[in-house]
Amino acid sequence: MRLILLGPPGAGKGTQAARLVEKFGIPQLSTGDMLRAAVKAGTPVGLKAKAVMEAGGLVSDEIVIGIIKDRIKEADAAKGFILDGFPRTVAQAEALTALLDAEKMQLDAVVELKVDEKALLARIENRARETVAAGGVVRADDNPESFKIRLDAYREQTAPVSAYYAKIGELKTVDGMAPIDAVTKALDGVLAG
């Protein structure tokens, strides 16, 4: 199962990815985690990424694609993988398509968790209140101001990725506002069909 989960911050991608990891026995691939692991391992692509990051720059799409190319060849990804948070731009989606074609792999699904942005903001505010009430620490990006910035960035850069996959006939959608178990059931239906 090779899968991309799309949706704005707070849509529940991480929650659903964790359930899919358990169900299918495949890894969830986070570009941030992969970058850190490649840098730590000192791979050729990791060394390039390290130099860029140490200089305070953003890692290029070319480097990120190189890291993904190395990562999907690892043993735990032999049965598939879940990409969550990648691709973030249409250019990255096009590069991923080219990479998968070159590796003779194809995606089984690209699923977007559709959400109502106003309700999503209320969800983030509620999550922050519940965390504080439980004595926890609210993540720095789980406040309304940060969330709005992340949502604007998503709308500008990443939302067009859904249109890219829709145009090539690969996009499926699930109602991300449904209860967690209902989203899981809907995802199962999309992946089975």
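What counts, and at which threshold
- Residues numbered from 1 in each chain as written.
- Predicted model: local features only at pLDDT ≥ 70, side-chain atom pairs only at ≥ 80, totals over all residues.
- Heavy atoms only, no water.
- Helix = DSSP H or I, 4+ residues; strand = E, 2+ residues; numbered from the N terminus.
- Rg over C-alpha atoms; globule rule 2.2 N^0.38 Å.
- Buried < 20%, exposed > 50% of the residue type's maximum accessible area, 1.4 Å probe, protein only.
- Contact = heavy atoms within 4.5 Å.
- Phe/Tyr/Trp six-rings, centres within 6.5 Å; stacked < 30°, edge-to-face > 60°.
- Core = buried A, V, L, I, M, F, W, Y, C linked by side-chain atoms within 4.5 Å.
- Arc of directions from axis to C-beta.
- Polar contact = N/O pair within 3.5 Å; in protein donor to acceptor, adjacent residues only side chain to side chain.

### Overview of the overall build of the protein
For the protein, the count of helices and strands is eight helices and five strands. Rg of the C-alpha trace for the protein: 17 Å, near the compact-globule value of 16 Å for 193 residues, within the 12% margin. Dimensions of the protein, computed from C-alpha atoms along their principal axes, come out at roughly 45 × 45 × 30 Å. Taken over 193 residues, the protein has a buried fraction of 38%. Looking at the protein alone, contacts between residues at least 24 apart form 73% of all its contacts between residues at least 6 apart.

### So, the packing of aromatic side chains
In total, this model carries one aromatic pair according to the counting rule given. Plain terms: the ring middles of Tyr164 and Tyr165 are 4.9 Å apart, the flat faces sit at 80 degrees to each other, and that makes the pair edge-to-face. Under the relative-accessibility criterion, Tyr164 is labelled buried at 15%.

### Description of helix α4 (residues 61-71)
Because each turn of an α-helix spans 3.6 residues, side chains separated by three or four positions in sequence point in the same direction. Among the residues of α4, Ile63, Val64, Ile65, Gly66, Ile67, Ile68 and Arg71 are the ones counted as buried. Here the buried face of α4 lies against β2 (28-29), α2 (31-41), α3 (44-54) and α5 (90-102).

### Section: the nonpolar core
Ile4, Ile67, Ile68, Ile72, Phe81, Leu96 and Tyr165 are the most contacted members of the largest nonpolar core, which totals 29 residues. Elements with a minimum of two residues in this core: β1 (2-6), α2, α3, α4, β3 (81-84), α5 and α7 (144-167). Top contributing element to this core by residue count: α4, with five residues. Within the second largest apolar cluster, 14 residues are counted, among which are Leu5, Ala17, Val174 and Val183.

### Quick word on α2
All of the buried residues along α2 are Thr31, Met34, Leu35 and Ala38. What you see down the axis of α2 is that its buried residues fit within an arc of 100 degrees, all on one side. Opposite the buried face of α2, by more than 90 degrees, sit the exposed residues Arg36 and Lys40. Against β2, α3 and α4 lie the buried residues of α2.

### Considering the side chain of Arg71
Within the secondary structure layout, Arg71 lies in helix α4. Judged by its relative accessible area of 15%, Arg71 is buried. A polar atom in the side chain of Arg71 sits 2.7 Å from the side chain of Asp76. In this structure Arg71 touches Pro27, Leu29, Met34, Asp76 and Ala77, once residues within four positions along its chain are discounted.

Keep in mind that these numbers describe shape and distance, not what the molecule does.
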